[in-house]
Amino acid sequence: MSKKVLAAALAAMGILTGMQNAVAEDNLFKKYAYDSPIAKYTEAAGYYDCSAEIGATARCLDDVDFLDQKFTAALVFSGDKLMLVSLFAPYDRDLFARAAGALAKTFTLVSLADGKSVLDLIELAGKAKNNDEYTATLTNYESVALTANNVTYSFVEGLTPTKGSTNAHSLMNSAPDNIRGADLVVSGEGDESSILIKFSFPKLDENKLVQQAKKPVESF
């Protein structure tokens, strides 16, 4: 894994400002609709149960074409309804660049995480004295995360940061419920390095949790 190249590529792309206006559809990825039933994804269609490997109710499909690459797709369910689509592939520098570039067309990069901390890029953009300070902070954080072999780039689709957005949380608060999120994850070391792209609807998931919490419970 060429960690210096990864950091330089991300900074050079200017993903934070490479945003175009877009409206998220209720498809997580391509034809995979949010809340579609698990019964739709059958063995006859090539799907297999990979729940044990994923750690949740899941169906997987091999050889899914995306970005001129074959991925394994993992469909994760909650209550037998589709809530998350993840794509897995061995790490490749060119694949990372293609994935970041594809996301940057309609998504905004809002944060980086290393498994221990989060760098909020909306907050950083408001506090940094200039673009050089912003880029240096981003690149340094990314380099440390890559050295630890764990970095997550979190994106949201169809949002442009405004003066009223002081951080990623406030930006999401102003977003429609069906705003689509995507996480680009680089993890592992050497031959074990991998790329993971996760598509979700974080506000729809959050709303479901709120509704579940409001349901009356049995007396005990």
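Structure report, in brief. (Residues numbered from 1 in each chain as written. Predicted model: local features only at pLDDT ≥ 70, side-chain atom pairs only at ≥ 80, totals over all residues. Heavy atoms only, no water.)

Our focus in this paragraph is the environment of Ala39. Its place among the elements puts Ala39 in the loop between strand 2 (32–33) and strand 3 (48–49). Sequence separation of Ala39 and Asp80 is 41 residues, and the distance between their C-alpha atoms is 8.0 Å. (Helix = DSSP H or I, 4+ residues; strand = E, 2+ residues; numbered from the N terminus.)

On to the state of the cysteines. This model, assessed by the stated rule, comprises one disulfide. Each sulfur in the disulfide pair Cys50 and Cys60 lies 2.1 Å from the other. Across the S-S bond linking Cys50 and Cys60, the dihedral sits near 85°, which makes this disulfide right-handed. With Cys50 in the loop between strand 3 and helix 2 (51–54) and Cys60 in strand 4 (residues 58–66), this residue pair connects regions lying 10 residues apart in the sequence. (Disulfide = S-S within 2.5 Å.)

Going through the model one piece at a time under the given rule, you end up with four salt bridges. The salt bridge partner of Arg59 is Asp49, with a shortest N-O separation of 3.5 Å. Remark: Asp49 occurs in strand 3 and Arg59 occurs in strand 4; sequence separation between them is 10 residues. One salt bridge in this structure joins Glu157 and Arg180, with 2.8 Å as the shortest N-O distance. In this pair, Glu157 is assigned in strand 9 (residues 150–157) and Arg180 in the loop between helix 6 (168–173) and strand 10 (181–187), connecting sequence segments 23 residues apart. Accessibility expressed as a relative area gives 6% for Glu157, which makes it buried. You can call Arg180 buried: its relative accessible area is 15%. (Salt bridge = Lys/Arg side-chain N within 4 Å of Asp/Glu carboxyl O. Buried < 20%, exposed > 50% of the residue type's maximum accessible area, 1.4 Å probe, protein only.)

This part covers unusual backbone geometry. One non-glycine residue with positive phi stands out, namely Asp35, at about 75°. Of note in the backbone geometry, Leu67 takes a positive phi value of approximately 60° without being a glycine. As for its position among the elements, Leu67 is in the loop between strand 4 and strand 5 (69–78).

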